[in-house]
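Descriptive analysis of the structure
As a plain string of letters, each chain reads:
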Amino acid sequence: MSIYDINVTLEDGSEYSLEKYKGKALLIVNTATKCGLAPQFEELEQLYTSYRDMGLEVLGFPSNQFKQEMSSALDAAEACRLTYGVTFPMHEIIKVNGKEEHPLYDYLKTHSKGFLGNNIKWNFTKFLVNREGEVVARFGPTDKPKSIESDIKKVLNLQ
């Protein structure tokens, strides 16, 4: 199984396969609009607009497992757009841990190791996937998106 075998659902309910992004680098983030780390949306958007033409996709996956997300994916995505100017794809509200975790997060956690175990500890955990679909890095919630820009440049072959 590869990351490209996983289906995800956008905030409007439309489903697609991650195969759509084959050949692109992915920055996958579990988000929450009511989290104190929500200002990271601005830096995520800056990275997206700076590097999307070079092959980077930023994918936001709202999660309410830490009780800091709105009640619907549409409301969460609208808040991201209005408050932080987000234009990258936002998805349905998912679980990132436990028996009902989304298959994407099962895959991401299985293919990268986190500090103190595999579980997602908080909102804004970031996974960097290279153009071949391999998880190459996992960044913690407090790692600011701009601080991982050099890692993004490496997977885009810009360094």
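Here the structure is a predicted model, which means the values were calculated and not measured.

What follows deals with the side chain of Lys 126. Relative to the elements of secondary structure, Lys 126 occurs in strand E5 (residues 126-129). The buried charged residue Lys 126 lacks any salt bridge, with Asp 143 as its nearest oppositely charged partner at 6.1 Å. Every residue in contact with Lys 126, bar those within four places of it in the chain, is listed here: Leu 27, Ile 28, Val 29, Gln 40, Ala 137, Arg 138, Phe 139, Gly 140, Pro 141, Asp 143, Pro 145 and Ile 148.

Before going further, it helps to examine the pairing of E5. Burial along E5 is two-sided: the face carrying Lys 126 and Leu 128 and the face carrying Phe 127 and Val 129 are both buried. With four bridges connecting them, strand E3 (residues 25-31) and E5 associate as antiparallel partners. Its bridge partner lying in E5, Leu 26 is registered against Val 129. With four bridges connecting them, E5 and strand E6 (residues 135-139) associate as antiparallel partners. If you follow Lys 126 over to E6, its bridge partner there is Phe 139. Between E5 and E6, which pair antiparallel in sequence order, lie five residues; one of them, Gly 133, sits at a positive phi of approximately 85°.

Here the focus is the pattern of salt bridges. Within the structure shown, the criterion is met by three salt bridges. In this structure, the salt-bridge partner of Glu 101 is Lys 109, at a minimum N-O distance of 2.5 Å. A relative accessible area of 17% means that Glu 101 is categorised as buried. Ionic pairing is found between Lys 146 and Glu 149, a salt bridge with its closest N-O pair at 3.4 Å.

For the rest of this paragraph, the subject is the pairing of E3. Burial analysis of E3 places seven of its seven residues in the buried class, the great majority of the element. Here E3 shows no split at all, with Ala 25, Leu 27, Val 29 and Thr 31 on one side and Leu 26, Ile 28 and Asn 30 on the other all buried. Where E3 meets strand E4 (residues 56-62), seven bridges bridge the pair, whose relative direction is parallel. Looking at the pairing, Leu 26 lines up with Glu 57 of E4.

This part is about helix H1 (residues 40-51). Helical geometry: 3.6 residues make up each α-helical turn, so side chains three or four residues apart lie on a common side. With 12 residues, H1 should reach 16 Å at 1.5 Å per residue; the first-to-last C-alpha distance of 17 Å fits that figure. By the burial criterion, the buried members of H1 are Gln 40, Phe 41, Leu 44, Glu 45, Leu 47, Tyr 48 and Tyr 51. Along the long axis of H1, the arc covered by the buried residues comes to 160°, so they all point the same way.

A few words on the sheet that holds E3. The four strands lie next to each other as E4-E3-E5-E6, forming an open sheet whose pairing is mixed. What marks the edges here is a single partner per strand, and that holds for E4 and E6. Neighbour to neighbour, the strand axes of the sheet diverge by 15° on average, direction disregarded. Contacts from H1 reach E3, E4 and E5, with the element oriented near 150° to E4. Strand contacts of helix H3 (residues 103-110): E3, E4, E5 and E6, with the helix running at about 115° to E3, the strand carrying the most contacts.

About the thresholds
Residues numbered from 1 in each chain as written. Predicted model: local features only at pLDDT ≥ 70, side-chain atom pairs only at ≥ 80, totals over all residues. Heavy atoms only, no water. Helix = DSSP H or I, 4+ residues; strand = E, 2+ residues; numbered from the N terminus. Buried < 20%, exposed > 50% of the residue type's maximum accessible area, 1.4 Å probe, protein only. Lys, Arg positive; Asp, Glu negative; His and termini not counted. Salt bridge = Lys/Arg side-chain N within 4 Å of Asp/Glu carboxyl O. Contact = heavy atoms within 4.5 Å. Pairing = 2+ DSSP bridges. Expected span 1.5 Å × (residues − 1). Arc of directions from axis to C-beta. Axes fitted to C-alpha atoms, helices over the stretch in contact; angles between N-to-C directions.

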